[in-house]
Amino acid sequence: MANLEISFDLSRIDFRATSDILKASYWGSGRSDELHRRAFANSLCVGAYVGGNQVGFGRAITDRTVFAYLADIIVWPAYRGQGIGTRLVEALIDHSDVKTVTHWSLSTNDAHALYEKLGFRPSTDGRYMRFDRIPAT
């Protein structure tokens, strides 16, 4: 998508829209706005924008050194299937704050193909996936 903008500026996140879409997801049902505020504040968050309007969100829960867990990767329904989820994940993995992270993991019930294209491999339980980056020498 040519006019897609990726931003790590947390102040640009449309909190209301993001919290609502996450609460409507299979993994985020039962969460509260307060939980999302705390989770976003304590994560590396990324937003996807088209024409200045948010169309996607993702975050990495990380120590910013060795380990990171991808969470809440979501694209607004009207924009799915256009590579935005892939761009969100790539932006998180490539962010300068996590360049030394060698172990990435995530949990998914329905997006295995997306993550496999990015180098993630299923664990033996089929739900969790991991990606190990070879550290730069």
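Here the structure is shown first, and the text comes after it.
These numbers were taken from a predicted model, which means no experiment stands behind them. (Residues numbered from 1 in each chain as written. Predicted model: local features only at pLDDT ≥ 70, side-chain atom pairs only at ≥ 80, totals over all residues. Heavy atoms only, no water.)

Focus on helix H1 (residues 15–23)
Threshold: Throughout this description, buried means an accessible area under 20% of the type-specific maximum (1.4 Å probe, protein chains only), exposed means over 50%, and partly exposed covers the range between. Strands here mean DSSP runs of E at least two residues long; helices mean DSSP runs of H or I at least four residues long; both are numbered from the N terminus. Directions drawn from the helix axis to the C-beta atoms are what define this arc. By definition, residues are in contact when any of their heavy atoms lie within 4.5 Å.
Taken together, the buried positions of H1 are occupied by Phe 15, Thr 18, Ser 19, Ile 21 and Leu 22. Projected down its long axis, H1 carries its buried residues within an arc of 165°, all on one side. Buried residues along H1 sit against helix H2 (33–41), strand E3 (53–62) and strand E4 (67–75).

Quick notes on unusual backbone geometry
You will see that Arg 64, though not glycine, has its phi angle at about 65°, which is positive. Along the chain, Arg 64 falls in the loop between E3 and E4. Classification of Arg 64 as partly exposed rests on a relative accessible area of 35%. The phi dihedral of Asp 72 is positive, around 55°, even though this residue is not glycine.

Observations regarding H2
Buried residues of H2: Asp 33, His 36, Ala 39 and Phe 40, and no others. Buried residues of H2, viewed axially, fall in a sector of 125°; they line one side. Among the exposed residues of H2, those pointing more than 90 degrees away from its buried face are Arg 38 and Ala 41.

Focus: the layout of surface pockets
This is how the line gets drawn: A pocket, in this scheme, is an open set of points on a 1 Å grid over the protein atoms alone with protein on both sides within 12 Å along at least 5 of 7 lines, while a cavity is a set where a 1.4 Å probe fits but cannot get out; residues line either one if an atom lies within 4 Å of a point. Grid points are joined across faces, edges and corners, and a volume is the space filled by probe spheres set on the points. Classification convention: Asp, Glu, Lys, Arg as charged; Ala, Val, Leu, Ile, Met, Phe, Trp, Tyr, Cys, Pro as nonpolar; all other residues, Gly among them, as polar.
Empty space within the largest pocket amounts to approximately 670 Å³. What lines the largest pocket is a set of 31 residues, and nearest its centre among them are Trp 27, Ile 73, Ile 74, Ala 111 and Tyr 115. Those elements giving two or more residues to the lining of the largest pocket turn out to be E4, helix H3 (84–94), strand E5 (103–107) and helix H4 (112–117). For the lining of the largest pocket, the element with the most residues is E4, which contributes 7 residues. Grouping the amino acids of the lining of the largest pocket by side-chain chemistry returns 16 nonpolar, 9 polar and 6 charged.

Things to note about the pattern of salt bridges
A pair can form between side chains of opposite charge whenever their charged atoms are brought close. Spelled out, the test is: Here, a salt bridge means any Lys or Arg side-chain nitrogen found within 4 Å of an Asp or Glu carboxyl oxygen.
In total, this model carries 8 salt bridges according to the counting rule given. We note a salt bridge from Arg 31 to Asp 72, for which the minimum N-O separation is 2.9 Å. Highlighted residues: Arg 31 in the loop between H1 and H2 and Asp 72 in strand E4, separated in sequence by 41 residues. Linking Arg 64 and Asp 97 is a salt bridge whose minimum nitrogen-to-oxygen distance equals 2.8 Å. One end of the pair, Arg 64, is in the loop between E3 and E4; the other, Asp 97, is in the loop between H3 and E5, with 33 residues separating them in the sequence. The network of salt bridges with shared partners includes Arg 16, Asp 20, Lys 23 and Asp 33.

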